[in-house]
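# Topology and contacts: notes
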Amino acid sequence: QVQLVESGGGLVQPGGSLRLSCATSGRIFMIYNMVWYRQAPGQQRELVALITRDGNTNYADSVKGRFTISRDNAVNTVFLQMNTLKPEDTAVYYCNADIRPFLGARSRDYWGQGTQVTVSS
């Protein structure tokens, strides 16, 4: 059974930094795109940053220049470095990955349980 576990969330003051991690475990043959989403109270879940297996990245306009997504394929982990945090970055951050569990299987999306990020003075 594939699992994604996020860590690194917490309370930070405006202008501060946090680094989120998402570790995967279980039966994994290949991981394709890895994505960070976030959902603030009363709002829809939105894409924050995406990284392909080859390292190509894409970011929401609201985080460009402040957030950096990266991955370590050797340990099947994705990271999100968040700098110059703003109160509007407050949300639950979710990790998502497109994973093929074994050779011959179709890939599908897997989600983590989320980690809370709160930016407040």
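A brief structural summary. Nothing here was measured: the structure is a model prediction, and the numbers come from that model.

Helix and strand content of the protein chain: zero helices and eleven strands. Along its sequence from the N terminus, the protein chain presents helices and strands in the succession β-β-β-β-β-β-β-β-β-β-β. Counting the 121 residues in the protein chain, one finds 41% classified as buried. The contacts of the protein chain with a sequence gap of at least 6 include a subset with a gap of at least 24, amounting to 55%. Taken as a whole, the protein chain presents about 6,500 Å² of accessible surface, with 45% of it coming from carbon and sulfur. Charge-centre separation for the protein chain: the mean point of 12 positive side chains lies 5 Å from the mean point of 9 negative side chains.

Below, the discussion takes up the pattern of salt bridges. Overall, the coordinates contain four salt bridges when judged by the stated rule. Across the salt bridge formed by R38 and E46, the nearest N and O atoms sit 2.6 Å from each other. For R38, a relative accessible area of 5% puts it in the buried group. Where D89 meets R38, a salt bridge forms, and the shortest distance between an N and an O atom there is 2.9 Å. Note that D89 is positioned in the loop between β8 (77-82) and β9 (91-100) and R38 in strand β4 (residues 30-39), a separation of 51 residues in sequence. Assigned by exposure class, D89 and R38 land together as buried.

Our next topic: the sheet that holds strand β1 (residues 3-7). In spatial order, the strands read β1-β3-β8-β7; together these four strands make up an open sheet with antiparallel pairing. One side of each edge strand has no neighbouring strand; the edge strands of this open sheet are β1 and β7 (67-72). On average, each strand axis in the sheet is inclined to that of its neighbour by 15°, with strand direction left out of account. Both strand β3 (residues 18-25) and β8 contribute to a ladder of six bridges, which runs antiparallel. Bridge assignment links L18 to a residue of β8, and that residue is M82.

A positive phi angle, near 55°, is found at N76, a position not held by glycine. Mapped onto the elements, N76 comes out in the loop between β7 and β8. Backbone geometry at T84 places phi at a positive 50°, although glycine is not the residue there. Mapped onto the fold, T84 is located in the loop between β8 and β9. Note on T84: relative accessible area 45%, which makes it partly exposed.

We now examine the pairing of β4. Residues in a regular strand project their side chains so that they alternate between the two faces of the sheet. With eight bridges connecting them, β4 and β9 associate as antiparallel partners. Bridge pairing in β9 places Y37 opposite Y94. For β4 and strand β5 (residues 46-51), the ladder comprises five bridges, and the chain directions are antiparallel. The residue bridging V35 from the neighbouring strand is L50, located in β5. Once β4 ends, the chain turns through six residues before running back antiparallel as β5, passing G42 with a positive phi of about 75°.

Reading the values: the criteria
Residues numbered from 1 in each chain as written. Predicted model: local features only at pLDDT ≥ 70, side-chain atom pairs only at ≥ 80, totals over all residues. Heavy atoms only, no water. Helix = DSSP H or I, 4+ residues; strand = E, 2+ residues; numbered from the N terminus. Buried < 20%, exposed > 50% of the residue type's maximum accessible area, 1.4 Å probe, protein only. Contact = heavy atoms within 4.5 Å. Areas by Shrake-Rupley, 256 points an atom, 1.4 Å probe, with all protein chains shown as cover. Lys, Arg positive; Asp, Glu negative; His and termini not counted. Charge placed at Lys NZ, Arg CZ, Asp CG, Glu CD. Salt bridge = Lys/Arg side-chain N within 4 Å of Asp/Glu carboxyl O. Pairing = 2+ DSSP bridges. Axes fitted to C-alpha atoms, helices over the stretch in contact; angles between N-to-C directions.

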